Amino acid sequence: MLIHTIARRELKAYFTSLIAYTVIATFLAVSGYFFYTNMVMFVMFVGSDVRLGLWQQTFYDMRFVLVSLMPLLTMRLFAEEKKLGTIELLFTSPLQDVDIILGKYLASVLVLVLMLVLTVLYPILLAIVFSVDIGPVATGYLGLFLMGSACIACGLFLSSLTENQIVAAMATLGVLLLLWFIDWNEGIAGAATIRVLHQLSFSEHFLNFIRGVIELDDVVYYVSLTVLFLCCTAWSLESRKWRGRA
Amino acid sequence: MYTIEAEHLTKFYGSARGVVDLSFTVERGEIVGFLGPNGSGKTTTMRMLTCFFPPTSGTARICGHDIVREPLAVRRAIGYLPESVPLYLDMPVRSYLHFFAEVKGVPSRQRRQRVEETMQRCGLEQYAHRLIRKLSKGYRQRVGIAQALLGDPEVLILDEPTIGLDPRQIIEIRNLIKELGSSRTVILSTHILPEVSMTCTRVMIIHEGRLIAIDTPDNLMRRIQQTPRILLRAHGPEHELIRTLAALPNVRSVQRTSTGAAALDYYQIDTEPDGQVMSEIARVVVEAGWQLQELRPLDITLEQIFIQLITDEQTGPRPC
Ligand SMILES: Nc1ncnc2c1ncn2[C@@H]1O[C@H](COP(=O)(O)OP(=O)(O)OP(=O)(O)O)[C@@H](O)[C@H]1O
Ligand SMILES: [Mg+2]
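About the cut-offs
- Residues numbered from 1 in each chain as written.
- Chains lettered and ligands numbered in written order.
- Predicted model: local features only at pLDDT ≥ 70, side-chain atom pairs only at ≥ 80, totals over all residues.
- Heavy atoms only, no water.
- Near = heavy atom within 4 Å.
- Polar contact = N/O pair within 3.5 Å; in protein donor to acceptor, adjacent residues only side chain to side chain.
- Areas by Shrake-Rupley, 256 points an atom, 1.4 Å probe, with all protein chains shown as cover.
- Helix = DSSP H or I, 4+ residues; strand = E, 2+ residues; numbered from the N terminus.
- Nonpolar A, V, L, I, M, F, W, Y, C, P; charged D, E, K, R; others polar.
- Phe/Tyr/Trp six-rings, centres within 6.5 Å; stacked < 30°, edge-to-face > 60°.
- Lys NZ or Arg CZ within 6 Å of the ring centre and 35° of its normal.
- Pairing = 2+ DSSP bridges.
- Donors = N, O, S within 2.8 Å, 3.2 Å for Na, K, Ca; no water.
- Axes fitted to C-alpha atoms, helices over the stretch in contact; angles between N-to-C directions.
- Salt bridge = Lys/Arg side-chain N within 4 Å of Asp/Glu carboxyl O.
- Buried < 20%, exposed > 50% of the residue type's maximum accessible area, 1.4 Å probe, protein only.
- Contact = heavy atoms within 4.5 Å.
- Buried area = accessible area lost by both parts, 1.4 Å probe.
- Parallel < 35°, antiparallel > 145°, perpendicular 65-115°, else oblique.
- Left-handed = near helix turned anticlockwise from the far one by under 90°.
- Patch = residues over 30% accessible without salt bridge, like charges linked within 9 Å, V, L, I, M, F, W, Y side chains within 5 Å.
- pLDDT = per-residue confidence, 0-100.
- Expected span 1.5 Å × (residues − 1).

**Q** An account of the site of ligand 1 is requested, with residue identities and associated values reported.
**A** Taken together, 15 residues form the shell around ligand 1, and within it Gly39, Lys42, Thr43, Thr44 and Glu83 of chain B come nearest. Mapping the residues near ligand 1 onto chains gives chains A and B. Ser40 of chain B places a polar main-chain atom, nitrogen or oxygen, 3.2 Å from an oxygen atom of ligand 1. Interatomic distance of 2.7 Å between a side-chain N/O atom of Lys42 of chain B and an oxygen atom of ligand 1. If ligand 1 stood free it would expose 640 Å²; the protein chains cover 70% of that surface. Counting residues per element, the ones that place at least two in the shell around ligand 1 are strand 2 (16-26) and helix 1 (42-49) of chain B. In terms of residue count, the dominant contributor to the shell around ligand 1 is helix 1 of chain B (three residues). Taken together, the residues that form the shell around ligand 1 break down as two nonpolar, eight polar and five charged.

**Q** Residues and numbers for the packing of aromatic side chains, please.
**A** By convention here, two paired aromatic rings are described through the distance between centres and the angle between planes. Residues and elements named next belong to chain A. This structure, assessed with the given rule, holds 21 aromatic pairs over all chains. Note on Tyr221 and Tyr222: the rings are 5.0 Å apart at their centroids and 70° apart in plane angle, and the pair reads as edge-to-face. A network of ring pairs unites the aromatic residues Phe202, Phe206, Phe209, Tyr221 and Tyr222 as a single cluster. A cation over a ring is seen here: Arg76 above Tyr14, with NZ or CZ 4.9 Å from the ring centre.

**Q** Lay out the pairing of strand 2 of chain B with the relevant residues and their values.
**A** Residues in a regular strand point their side chains to alternate faces of the sheet. Residue and element names in this part refer to chain B. Here strand 1 (residues 4-13) runs beside strand 2; their pairing, made up of seven bridges, is antiparallel. By the bridge assignment for strand 2, Lys11 is matched with Val19. Count of turn residues in the strand 1/strand 2 antiparallel hairpin: two residues, of which Gly14 carries a positive phi of about 60°.

**Q** Could you give an account of the coordination of the magnesium ion (ligand 2), with specific residues and numbers?
**A** Thr43 of chain B (OG1) and Glu83 of chain B (OE) make up the full set of protein donors to the magnesium ion (ligand 2), lying at 1.9 to 2.4 Å. Linking Thr43 of chain B in helix 1 with Glu83 of chain B in the loop between strand 6 (78-81) and helix 3 (93-103), this pair joins segments that are 40 residues apart in sequence.

**Q** Describe in detail the sheet that holds strand 14 (residues 292-297) of chain B, supporting the description with residues and values.
**A** All names here are of chain B. Judged by pairing direction, the sheet is antiparallel, and its four strands sit side by side in the order 12-13-11-14 without closing on themselves. In this open sheet, the two edge strands, each paired with only one partner strand, are strand 12 (251-256) and strand 14. For this sheet the average axis-to-axis angle between neighbouring strands, irrespective of direction, equals 20°. Direction of pairing for strand 12 relative to strand 13 (residues 266-271): antiparallel, over a ladder of five bridges. Counted as the bridge partner of Ser253 is Asp270 from strand 13.

**Q** Hey, could you go over the pattern of salt bridges for me, with residue numbers and the actual values?
**A** One pass over the structure, following the stated rule, counts 23 salt bridges over all chains. The residue Glu80 of chain A makes a salt bridge to Arg76 of chain A at a minimum N-O spacing of 3.0 Å. Of this pair, Glu80 of chain A and Arg76 of chain A both sit in helix 4 (residues 76-84), four residues apart, roughly one helical turn. Residue classification places Glu80 of chain A among the partly exposed positions, given a relative accessible area of 25%. Arg76 of chain A sits in the buried class, given a relative accessible area of 2%. Notably, a salt bridge pairs Arg296 of chain B with Glu294 of chain B, separated by 2.8 Å at the nearest N-O pair. What makes Glu294 of chain B partly exposed here is its relative accessible area of 22%.

**Q** Outline the interface of chain A and chain B, listing residues and values.
**A** Listed as interface residues are 25 residues of chain A and, on the opposing side, 28 residues of chain B. Between chain A and chain B, roughly 2,500 Å² of surface is buried when both sides are summed, and carbon and sulfur atoms account for 63% of that area. Considering only the surface of chain A that becomes buried against chain B, Glu88, Leu89 and Pro94 of chain A emerge as the three largest contributors, covering 27% of it. Scanning the region where chain A abuts chain B turns up two salt bridges. Here Arg47 of chain B and Glu88 of chain A are joined by a salt bridge, their closest N and O atoms 2.8 Å apart. If you look at where chain A meets chain B, you find eight residue pairs in polar contact (both at pLDDT 80 or more).

**Q** Please provide a residue-by-residue account of the packing of helix 3 of chain B against helix 5 (residues 137-149) of chain B, values included.
**A** Residue and element names in this part refer to chain B. Taken N-terminus to C-terminus, the directions of helix 3 and helix 5 make an angle of 25°; their axes are 9 Å apart at the nearest point. As far as their axial angle goes, helix 5 and helix 3 are roughly parallel. Between helix 3 and helix 5 lies a crossing whose hand is right-handed. Where helix 3 approaches helix 5, its residues Val93, Tyr96, Leu97 and Phe100 are matched on the opposing element by Val143, Ala146 and Gln147.

**Q** Explain the sheet that holds strand 1 of chain B residue by residue, including any values.
**A** One open sheet holds the four strands; their spatial order is 2-1-4-5 (chain B), and the pairing between them is antiparallel. Single-partner strands in this sheet number two, and they are strand 2 and strand 5 (65-66) of chain B.

**Q** Tell me about a nonpolar patch on the surface, and name the residues and values.
**A** All names here are of chain A. There is a patch of nonpolar side chains on the surface, built from Tyr36, Val40, Met41, Met44 and Phe45 and spanning about 560 Å² of accessible area. Relative to the assigned elements, Tyr36 resides in helix 2 (residues 19-46). With a relative accessible area of 52%, Tyr36 lands in the exposed category.

**Q** Got a sec to walk through the confidence of the model for chain A? Specific residues and values, please.
**A** Here chain A averages 88 in pLDDT, while 95% of its residues score no lower than 70. When the elements of chain A are averaged for pLDDT, helix 13 (residues 240-243) of chain A gives the smallest value, 72, and helix 6 (residues 97-119) of chain A the largest, 95.

**Q** Summarise the pairing of strand 10 (residues 210-215) of chain B; cite the residues concerned and give the values.
**A** Most of strand 10 of chain B is tucked away: five of the six residues are buried. What sits between strand 9 (residues 202-207) of chain B and strand 10 of chain B in their antiparallel hairpin is a turn of two residues, with Glu208 of chain B showing a positive phi close to 45°.

**Q** Let's hear about helix 4 (residues 108-121) of chain B: which residues, and what values?
**A** Note on helix geometry: an α-helix contains 3.6 residues per turn, so any two residues three or four positions apart are oriented the same way. Residue and element names in this part refer to chain B. Along its 14 residues, helix 4 runs 20 Å from first to last C-alpha, staying within 8% of the 20 Å computed at 1.5 Å per residue. Residues of helix 4 that are buried make contact with helix 3 and helix 5. Trailing helix 4 by a residue or two, Gly123 shows a phi angle of about 65°, which is positive.

Structure, rendered in structure tokens:
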């Protein structure tokens, strides 16, 4: 109930401060551009195999846009409240930390969902011309959603560590990029190490989704990353109790 | 049962002192003023009572709930105005209050009415739709106070509620506090001395993180004003003037206040408590032809109270 109260306030704040519009518009514009150029390329060079290849390519591109935009969406979540001092109001209201954390998380996830839903326009447009295979498109979106949610949880945690929004955004981007590129070093790491790094890689776990396959361990990876970051946030809020400040 | 019972509340920020060993009780219907200079620990104490952070040691009970073990129950019982008056600047006043009404668990059917009532009480009706960002400091303060009142809390904790308000608003807020104090318990902090004597039923004086006195304003004044001071401005031969006045009954001592050329003609006279000596001094000065220019009792200042209480403390403990 209170999660819902917090989430609604956060959503309102997203839309009155124009952050949500800006992030969504950027996402639509950039992924629209990728979609268009990919389509042109496929039509010109590949011919009829638009059905799978185009989606793979477009989802490849969209996840980059997603990873670079999510930190901007999440940076304000706690940092702004700390800067304004309103965190003191939340912490002295009859709210539990978990209400605050999940409320804020939920609000960002809803913006993410809205963002993704708006891009469904592209496959619909395409479906008018070509027949579109729904399966890989749906799994691709599921992948984007799971990955975006993990990014949000990561951003939420880092936002809870600072009162500076820019610092929160940069740190989030840093962590996400590190997770992304963690297995891109075949040259120096041994095969065994690489196998472990693959397991940790943000990008590696995305591949099956765009191939139209839902693997349990991919889902588990993103979900557990999300839960891990949410727990870190809870721990970070809890730390005020022994550090003596918000 | 006491509404607030604090037992050895202590807070250290790392190794820095917040407050040390605070014990006190507050009964229902009291308005208690925390008085203390900057950095004495007023805000720290309030933040512990509101469960913003737990004490390093010691504890307190508010309405029977322990602040360490039952923070949620405590928060339900209190309304809090933090010192910096934090607000969501991008929200209109009404939605802001609606949000907190919801957070404080006001049932949805009563919420609208409660918000409207509170806005009226704090004089905010005409600003209901205004963004908080666009309100003046005084009106932001009112929104903060309205937020504290929303849940109809048993205990109100207000950190410097009248700071930044204009004189008329100060009076309004003080009246509001007094009105609330009749049915609830109020704790407010301030460094304005008259505020305490005007609104509070009891005063707690905190200095360097320690509670050095807790008493009614009247008793406190009496204790401190044991040697009421009078300021005299007159022009006459210094030694003779001092000798003559010092010889008057009920006068303890006369001193020339020696601060710069402008103060040359000022004298400070310490008198016995309850000694009515003003008229006597006036008569003597006038009769001697010393050009009486000013004669008035010196108001005690916050500084004097502290100096007095601290020296009291050092010379021997007094029962609080
Ligand atoms: N977050 C913090 N970290 C470290 N020390 C702190 C912190 N907050 C307060 N203090 C210290 O604790 C002491 C008490 O501070 P507090 O804010 O409670 O004073 P105050 O009585 O409210 O003062 P003021 O009248 O200026 O508001 C001060 O010495 C202050 O430096
Ligand atoms: Mg303070």
